[in-house]
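# Geometric and topological summary
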Amino acid sequence: MNNHNKFSDERLKLSPFHERQAALNVRDAWSVWNGYKFADYYYDAEYEYFCIRNTCGTYDISPMQKYLIKGKDAESMLNRMVTRDISNLAPNRITYVCWCTNEGRMIDDGTIFKIGANEYMLTCGSPNLAWLKKASFGYSSIEIEDLTDTVAAISLQGPTSFSVLDDMGIAGIENLRPFDFITIEFNNSELTISRTGFTGDLGYELWIEKNSAIALWDALYSAGENYGIQPYGETATNMARLEAGFIMPYMEFNEALKTVHFQHDQTPFELNLGWLVDFKKPIFNGRGALLTDKKNGPTYTLTKLDIEGNKPAEASYIYADEKCTKEIGYVTSAMWSPAVKANIAMAMIKTQHLDDELWVEIYYEKELRQYDKVVRCTKQKKPFWMPERAKLTPPRKY
Amino acid sequence: MKKYDAIIIGAGHNGLTNAAYLAKAGLNTLVVEKNDYIGGAAVTRELHKGWFYSNCSYVCSMMRQSIHRDLNLTKHGLILVPYLGTVNFSDDGDTLSAYHSEGPYYNELRARSPHDADAMFRLQADLNRYAQLIRKTLLRTPPDPTSFRPRDIKEMLFLAKEFGALGEQEIYEYIRFFTMSAAEYLDDYFEDDLIKAAMASPGIIGTALGVYSPGSAYILLHHVMGDVDGSIGAWGLARGGMGAISKAIAGALKEHHGEIRTNSPVQKIIVKNGKAIGVALESGEEVYASIIVSNLDAKRTFTKIIDKKDLPQGIYEKAKNFKIRGSSGKVNIALSALPKFNNLPDNKYINRGGQGFTGSLKTMEKAYDCWKRGRWSEDPFIESVIPSAWDPTVAPPGKHWMSNFIQYCPAELADGPWTPEKRDQFGQTVIDKIERYSPGFKDLIVHMEVRTPYEIEKEIGLTEGNIFQGELTIDQLLFNRPFPGYSQYRMPLKNMYMCGSSTHPGGGVSSACGANAAREILIDLKKPNTVPEDDCFDE
Ligand SMILES: Cc1cc2nc3c(=O)[nH]c(=O)nc-3n(C[C@H](O)[C@H](O)[C@H](O)COP(=O)(O)OP(=O)(O)OC[C@H]3O[C@@H](n4cnc5c(N)ncnc54)[C@H](O)[C@@H]3O)c2cc1C
């Protein structure tokens with residue numbers, strides 16, 4: 001037996017786009033997401049990040065979890081599960097949601113696509129099938145289908161993304177507003193295109209039955225040739241989403257159902273996602289606990305920080321004083337932002353200390369020696385990166 | 001008649017930076033620019049419909065990050081993107097690709113010379129060390145070594161401390177370095193001619209020195225001391241061309257209520273009782289201000305726009321003898337498709353970097369010999385980049401433009417003045433050379449802008465077309481720039497300052513000269529300093 005077969009059971013699953021992506025992964029930089037082999041980066045992470053900001057790039061989101069939820073009770077079930085009110089969601093619209101335990105701790109976040117009156121697609125970063133099943137107890141007319149392994153999905157992000165789709169001849173793409181989606185025919189399959197993404201820039205996500213994945217890739221890359229298209233991986237995504245102020249599991253939040261230590265998970269209010277919680281809805285999971293959290297104020301509040309200097313404040317503590325005697329929080333994600341030219345971070349800060357001075361102690365290494373410095377942080381209200389083009393409809397054609 | 005707090009003559013990126021800081025400090029500020037566009041040598045222009053050239057400067061690595069951040073230039077539309085490595089071509093068509101990633105680059109060098117692949121690590125460490133020291137001086141005003149004022153003493157001590165931290169041996173090396181030629185400096189590291197030539201080539205860019213001329217080692221350092229987001233020596237491109245930098249700074253200036261008047265060439269600085277009090281425009285209009293700042297080079301400032309009789313003794317002569325020799329040309333070419341080069345794989349990343357038509361050390365030196373004899377080089381060194389290969393805003397989709405910087409091209413020809421015919425012949429020499437490495441290249445040409453030092457001087461007023469506003473030789477650096485005794489941005493007339501690349505730290509798109517000058521002006525006005533300190537990554 002050759003070695004390949006010997007370990008075949010243990011190898012990672014390959015995405016429907018793998019063949020094309022493997023050919024472009026010049027640096028063999030792979031990691032893993034939900035059991036799929038998944039690129040960290042392909043050629044150069046910084047270059048790929050800049051493609052998102054400057055031209056366009058594709059990010060394989062096939063390993064994302066995709067659930068088709070159908071039936072008369074689909075809406076009530078989802079509305080009971082998530083904190084946001086989805087009853088007003090129009091067909092062909094998408095909404096960003098989160099869902100919580102009874103204690104109001106966040107299980108995951110994701111998006112809901114309203115396909116038709118009794119048909120929705122829920123997408124999220126981690127498997128949630130078991131929770132969905134639990135949440136549908138007592139509802140008689142509901143069907144949940146896990147599309148994760150049958151539907152391929154790819155995110156196309158960046159200022160030239162619209163030009164690529166337009167050159168592919170996708171009718172009506174110019175009218176798609178943020179959080180709209182359309183479904184068209186492509187390669188004898190249904191292709192769903194949503195104006196969504198995780199980069200804070202102009203961008204789209206494309207969903208297609210997996211046998212048409214390669215055909216879709218080839219069409220994208222053929223039209224994208226003139227628009228600087230480039231695959232990007234986890235590293236570039238993580239940079240772009242931090243600039244856009246989006247939260248990431250295991251950075252900003254610990255999924256509640258996987259949390260061991262008491263309250264090492266978060267509430268939506270702590271994550272600054274209070275706007276996702278709609279108390280006008282009489283009943284939804286976690287409502288009571290969240291009401292209390294809102295009334296008392298969350299223990300921590302996720303805060304965007306602009307930090308002096310240029311050393312990323314990774315895994316640092318936040319203090320209320322320069323001498324670092326009063327610890328008031330911790331950094332969840334940090335980086336030097338090449339587009340904004342600022343040292344940015346998100347941090348969990350104890351709500352009662354939000355108006356204190358904010359200092360961070362940063363450790364960094366220089367040729368095997370550890371250094372540290374204490375610098376000032378300034379709170380930022382808005383995302384660090386929020387270009388007009390992200391919202392513009394129709395977008396600019398290059 | 002309205003009187004301004006400050007008038008800046010010239011809307012080069014340094015003039016704009018200076019004005020932005022003065023306006024930010026609350027001064028009523030006006031910039032007057034002779035052209036109908038702003039930016040000086042940091043400019044983007046559409047000379048052929050749909051194609052946007054960076055007509056002069058084309059790559060960016062010296063731009064001070066702290067100024068970018070402080071003036072919020074991203075908000076004003078600026079985004080700097082690092083480009084991938086450069087390919088150097090030898091005389092006989094061999095290629096050397098400086099890949100963006102350490103492993104592949106090492107392998108590429110090793111294929112030519114295992115010895116040199118190894119030595120590259122040492123060179124990079126040494127250059128990094130030198131660069132770090134220089135970088136620390138960029139956003140500081142050079143001390144006057146003859147002064148006993150506390151600030152000068154403090155700055156001298158700062159320099160001494162930083163210098164001392166190198167260790168005794170390195171101090172000797174460093175001093176030697178400043179007086180060496182690029183080629184001889186590299187002899188200590190490399191044996192392969194193409195590697196040596198490729199590494200030496202930044203040592204001749206923009207200077208009237210050859211690879212074997214003492215002083216070219218510093219020019220090399222000047223070109224590798226910059227960084228993009230902390231990666232020292234890396235170069236980036238401005239999205240939308242270099243003009244995007246000037247535009248963003250102008251945006252910051254306007255945000256702080258500064259004004260810009262284009263099409264307003266200054267004829268003379270108005271001087272009264274030894275004080276600069278305003279400017280007389282060529283239109284005849286006079287505009288007054290408490291402070292006059294010149295963004296022009298030192299030679300132009302003191303020999304063209306100030307009356308000789310208004311100057312203290314000796315300044316005119318100093319300015320006249322200021323070393324500002326033109327030696328570079330620029331050919332911008334609009335292309336109907338991406339050119340393909342011999343001996344390179346069909347690898348899309350390579351096109352997203354630069355091309356160095358380097359040849360060899362000998363070819364570069366021969367090119368310099370031509371310059372000395374008042375001719376352009378028949379086989380010139382060309383440094384190229386195809387900005388449209390990554391920037392979707394500078395050419396129509398699928399079309400491209402190539403920026404070619406040429407060394408050498410004299411400001412004055414031995415056989416008489418420049419004419420349009422001679423200029424076009426110079427352009428022909430350049431495309432002939434590129435065609436040798438890229439057969440079919442000429443068929444792709446849609447439009448061409450050929451610029452000799454003559455055009456550069458005529459259009460943006462860089463005397464002799466010298467790209468740095470004055471040679472970067474040790475006699476014109478740091479506290480000697482532009483002249484000994486005048487390195488602190490204050491000029492011999494009262495209320496008059498300089499803020500262009502003729503001042504410390506010299507040429508390149510860095511905003512440092514303009515920002516440093518603003519700091520000195522604010523000190524004189526007893527206003528709080530709003531100019532940020534540098535934000536070096538290596539600290
Ligand atoms: C061909 C070329 C290539 C270069 N390549 C690079 C590069 O790739 N990277 C890099 O970093 N640097 C490069 N440089 C150098 C860099 O561009 C310059 O050092 C820098 O832009 C100078 O900026 P400045 O503001 O000091 O002066 P300038 O840009 O020279 O600005 C002076 C301004 O004054 C105006 N002016 C002149 N006379 C008058 C008058 N009488 N009245 C009113 N206004 C007047 C001019 O029109 C101009 O706008 C290059 C330069 C050239 C010429």
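This structure is a prediction, so every number in the text was calculated from the model and none was measured.

For chain A, the count of helices and strands is nine helices and 19 strands. Over its C-alpha atoms chain A spans a radius of gyration of 22 Å, differing by no more than 12% from the 21 Å that the globule rule assigns to 398 residues. For chain A, the C-alpha atoms occupy an extent of roughly 65 × 55 × 55 Å along the three principal directions. Expressed as a percentage of its 398 residues, the buried residues of chain A come to 56%. In chain A, of all internal contacts separated by at least 6 residues, the share reaching a separation of at least 24 is 67%. Approximately 17500 Å² of chain A is accessible, and the part contributed by carbon and sulfur atoms is 49%. Positive and negative side-chain charges in chain A, numbering 44 and 53 respectively, have mean positions lying 4 Å apart.

What follows covers helix α15 (residues 453-460) of chain B. Residues and elements named next belong to chain B. Those residues of α15 that sit buried are Pro453, Glu455, Ile456 and Ile460. Summarising the axial view, the buried residues of α15 lie within an arc of 160 degrees, below the 170-degree limit, and thus occupy one face. Of the surrounding elements, those touching the buried residues of α15 are β15 (328-335), α14 (420-437) and β19 (445-451). Remark: Gly461 follows α15 within two positions and exhibits a positive phi of approximately 70 degrees.

Residues and elements named next belong to chain B. Residues in close proximity to the ligand total 34 residues, the closest being Glu33, Ala41, Val59, Ser501 and Gly508. Backbone polar atom of Tyr58 to an oxygen atom of the ligand: 3.1 Å apart, as the coordinates give it. Contact between the ligand and Val59: a nitrogen atom at 2.8 Å from a main-chain N or O atom of the residue. In the complex, 97% of the free accessible area of the ligand, which totals 1000 Å², lies under the protein chains. Grouping the amino acids of the shell around the ligand by side-chain chemistry returns 18 nonpolar, 14 polar and two charged.

Interfaces are frequently sized by the accessible area removed from exposure as the parts join. All names here are of chain A. Per the domain assignment, the segments making up chain A are domain 1 (10-64 + 149-244), domain 2 (65-146) and domain 3 (299-380). Placing the centre of domain 1 and that of domain 3 at their C-alpha centroids yields a distance of 32 Å. Counting residues at the interface gives seven residues for domain 1, matched by nine residues for domain 3. Carbon and sulfur atoms make up 76% of the surface buried where domain 1 meets domain 3, a total of about 670 Å² over both sides. At the surface where domain 1 touches domain 3, the tally comes to three residue pairs in polar contact (both at pLDDT 80 or more).

Turning next to the sheet that holds strand β17 (residues 342-350) of chain A. Residues and elements named next belong to chain A. Strand order around the closed barrel formed by six strands is β14-β17-β16-β15-β18-β19, with antiparallel pairing between neighbours. Between one strand axis and the next, the sheet turns by 40 degrees as a mean value, whatever way the strands run. Here strand β18 (residues 359-366) runs beside strand β19 (residues 369-380); their pairing, made up of eight bridges, is antiparallel. Counterpart to Glu361 in the pairing with β19 is Val374. This element, helix α8 (residues 234-244), spans β16 (327-337) and β17 of the sheet and lies at about 120 degrees to β16.

What follows is about the pairing of strand β6 (residues 86-90) of chain B. Residue and element names in this part refer to chain B. A large share of β6 lies buried, amounting to four of its five residues. Pairing analysis gives five bridges linking β6 to strand β16 (residues 354-359), with the strands arranged parallel. Residue pairing in the sheet places Phe89 in a bridge with Phe357 of β16. The sheet contact formed by β6 and strand β7 (residues 95-97) spans three bridges and is antiparallel. Note on β7: the bridge partner recorded for Phe89 is Thr95. Between β6 and the antiparallel strand that follows it, β7, lie four residues; Gly93 among them carries a positive phi value of about 95 degrees.

Turning our attention to the packing of aromatic side chains. According to the stated counting rule, one finds 42 aromatic pairs over all chains in the structure shown. Seen from their ring centres, B:Tyr130 and B:Phe177 are 4.8 Å apart, and the 50 degrees between their planes marks the pair as tilted. Taken together, the residues B:Tyr130 in helix α4 (residues 114-138) and B:Phe177 in helix α6 (residues 168-179) connect sequence positions 47 residues apart. Grouped by ring-pair contacts, the aromatic residues B:Tyr130, B:Phe163, B:Tyr174, B:Phe177, B:Phe178, B:Tyr185, B:Tyr189, B:Phe190 and B:Tyr218 constitute a single cluster. If you follow A:Lys311 out to its NZ or CZ, it ends over the ring of A:Tyr364, 5.0 Å from the centre. Geometry around A:Tyr398 places A:Arg396 over its ring, the cationic atom sitting 4.2 Å from the centre.

In this assembly, 30 residues from chain B lie in contact with 36 residues from chain A. Of the roughly 2800 Å² buried between chain B and chain A on both sides combined, carbon and sulfur atoms contribute 52%. When the area that chain B buries against chain A is broken down by residue, the three leading residues are B:Arg69, B:Asp229 and B:Tyr349, summing to 22%. Our enumeration of links across chain B and chain A arrives at two salt bridges. A:Asp306 serves as the salt-bridge partner of B:Arg69, at 3.1 Å between the closest nitrogen and oxygen. Secondary-structure elements contributing two or more residues to the side of chain B that touches chain A are α2 (65-70) and β5 (80-82) of chain B. A per-class count over the side of chain B that touches chain A returns 14 nonpolar, seven polar and nine charged.

Basis of the calculations
- Residues numbered from 1 in each chain as written.
- Chains lettered and ligands numbered in written order.
- Predicted model: local features only at pLDDT ≥ 70, side-chain atom pairs only at ≥ 80, totals over all residues.
- Heavy atoms only, no water.
- Helix = DSSP H or I, 4+ residues; strand = E, 2+ residues; numbered from the N terminus.
- Rg over C-alpha atoms; globule rule 2.2 N^0.38 Å.
- Buried < 20%, exposed > 50% of the residue type's maximum accessible area, 1.4 Å probe, protein only.
- Contact = heavy atoms within 4.5 Å.
- Areas by Shrake-Rupley, 256 points an atom, 1.4 Å probe, with all protein chains shown as cover.
- Lys, Arg positive; Asp, Glu negative; His and termini not counted.
- Charge placed at Lys NZ, Arg CZ, Asp CG, Glu CD.
- Arc of directions from axis to C-beta.
- Near = heavy atom within 4 Å.
- Polar contact = N/O pair within 3.5 Å; in protein donor to acceptor, adjacent residues only side chain to side chain.
- Nonpolar A, V, L, I, M, F, W, Y, C, P; charged D, E, K, R; others polar.
- Domains from an automatic or database assignment.
- Buried area = accessible area lost by both parts, 1.4 Å probe.
- Pairing = 2+ DSSP bridges.
- Axes fitted to C-alpha atoms, helices over the stretch in contact; angles between N-to-C directions.
- Phe/Tyr/Trp six-rings, centres within 6.5 Å; stacked < 30°, edge-to-face > 60°.
- Lys NZ or Arg CZ within 6 Å of the ring centre and 35° of its normal.
- Salt bridge = Lys/Arg side-chain N within 4 Å of Asp/Glu carboxyl O.

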